Amino acid sequence: MADEEQRDVDMGENGDDEEDDSSSSEEEVEVAPADEKRIMNLEKQLEANPSVYDTHVQLIQVLRKCKLRERLRQARQRMHDLFPFNENQWMDWINDEMAAISSQDDIDRIKALFQLAVQDYVSVPIWESYLE
């Protein structure tokens, strides 16, 4: 069942990887050359060895700093496929998604994300945020 919900988070309504209008705005985001180099280096490291927890964390931090939402979402999904998230990681992910709501699809994705979070990690703050 969690796999179904993860697919709901991953996929758009038509079942394809979602490419919404908001992801095209990422192309407009200016990324410092040092950050782009760091992202490429971390992605290369994860390609070679995807089971290094700290590398996932570092990639998520730099993608979040650069406001590369779609790549950040993908990095979080890849990390979550391998490792459980703690409360802070779940709340960061949920809050980042909530800050970028622009359509009903976004709301549906956030609901699916909350459902996954409350199944994955027992947390009063996550439940409180979900109920709001």
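What this report covers is the structure whose coordinates are included nearby.

With that settled, the discussion passes to the overall build of the protein. In terms of regular secondary structure, the protein is built from eight helices and zero strands. Ordered by position from N to C terminus, the α and β elements of the protein give α-α-α-α-α-α-α-α. Per-residue burial over the protein gives 38% buried out of 132 residues. Counting contacts in the protein only where the partners sit at least 6 residues apart, residues at least 24 apart contribute 55% of the total. Of the roughly 8,200 Å² that the protein leaves accessible, carbon and sulfur atoms contribute 49%.

Here we come to the packing of helix 6 (residues 87–99) against helix 7 (residues 104–120). Geometry of a packed helix pair, given as the angle between the helix axes and the separation of the axes. Relative to each other, helix 6 and helix 7 sit at 170°, their axes nearing to 10 Å. On the basis of the axis angle, helix 6 is roughly antiparallel to helix 7. Taken together, the residues of helix 7 that come into contact with helix 6 (itself represented by Trp90, Trp93, Ile94, Glu97 and Met98) are Arg109, Ile110, Leu113, Phe114, Leu116, Ala117 and Asp120. Split by residue class, the contact of helix 6 with helix 7 holds nine nonpolar, no polar and three charged.

Here we take up the packing of aromatic side chains. For any pair of aromatic rings, the description consists of the separation of the ring centres together with the inter-plane angle of the planes. Going through the model one piece at a time under the given rule, you end up with four aromatic pairs. Aromatic side chains Tyr53 and Phe83 sit 5.2 Å apart centroid to centroid with 90° between the ring planes, which places their arrangement in the edge-to-face category. Here Phe83 lies in the loop between helix 5 (69–82) and helix 6 and Tyr53 lies in helix 4 (residues 53–66), a separation of 30 residues in the sequence. We classify Tyr53 as partly exposed; its relative accessible area is 30%. Judged by its relative accessible area of 18%, Phe83 falls in the buried class. Every member of this aromatic cluster is reached through a ring pair, and the members are Phe85, Trp90 and Trp93.

What counts and how
- Residues numbered from 1 in each chain as written.
- Predicted model: local features only at pLDDT ≥ 70, side-chain atom pairs only at ≥ 80, totals over all residues.
- Heavy atoms only, no water.
- Helix = DSSP H or I, 4+ residues; strand = E, 2+ residues; numbered from the N terminus.
- Buried < 20%, exposed > 50% of the residue type's maximum accessible area, 1.4 Å probe, protein only.
- Contact = heavy atoms within 4.5 Å.
- Areas by Shrake-Rupley, 256 points an atom, 1.4 Å probe, with all protein chains shown as cover.
- Axes fitted to C-alpha atoms, helices over the stretch in contact; angles between N-to-C directions.
- Parallel < 35°, antiparallel > 145°, perpendicular 65-115°, else oblique.
- Nonpolar A, V, L, I, M, F, W, Y, C, P; charged D, E, K, R; others polar.
- Phe/Tyr/Trp six-rings, centres within 6.5 Å; stacked < 30°, edge-to-face > 60°.

Fair warning: the whole summary comes from geometry, so function is off the table for now.
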